[in-house]
Amino acid sequence: MTLEKAKKLLAVQADFGGFYNANGAKLILAEVQREHGQIAVDALIGELELERIFGFLPGTVFDGSLLVKSKFG
């Protein structure tokens, strides 16, 4: 998945907000993490304000599960 495509998909999830859309966003970020790395994930979190909307923090590892893991703890 390209970063542009991921950004568009994440923007839709963020516009709706809520629990189910947070899970969709996690899966998209997991795909970005696999293909483009943590820096790309952190950039998308910041650019799309996913911290404010879903509570995703930069440095969080998305591995495709519905749980998230912080690399800091």
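Residues numbered from 1 in each chain as written. Predicted model: local features only at pLDDT ≥ 70, side-chain atom pairs only at ≥ 80, totals over all residues. Heavy atoms only, no water.

(A) Seen up close, the nonpolar core. Of all hydrophobic cores here, the largest spans 18 residues; its most connected members are L10, L29, L50 and F56. If you list the elements that add at least two residues to this core, you get α1 (3-16), α2 (19-36), α3 (38-47) and α4 (50-54). No other element matches α2, which puts six residues into this core. Once residues within four sequence positions are removed from consideration, L50 is found in contact with L10, A14, L29, L44, I45, G55 and F56. (Core = buried A, V, L, I, M, F, W, Y, C linked by side-chain atoms within 4.5 Å. Buried < 20%, exposed > 50% of the residue type's maximum accessible area, 1.4 Å probe, protein only. Helix = DSSP H or I, 4+ residues; strand = E, 2+ residues; numbered from the N terminus. Contact = heavy atoms within 4.5 Å.)

(B) Layout of the environment of G46. In this structure, G46 sits in helix α3. The spatial distance from the C-alpha of G46 to the C-alpha of F56 is 9.4 Å, given a sequence separation of 10 residues.

(C) Main features of the pattern of salt bridges. One pass over the full model with this rule turns up three salt bridges. Taking the shortest distance from any N to any O, the salt bridge between E47 and K7 comes out at 2.8 Å. Within this pair, whereas E47 is found in helix α3, its partner K7 is found in helix α1, the two being separated by 40 residues in sequence. (Salt bridge = Lys/Arg side-chain N within 4 Å of Asp/Glu carboxyl O.)

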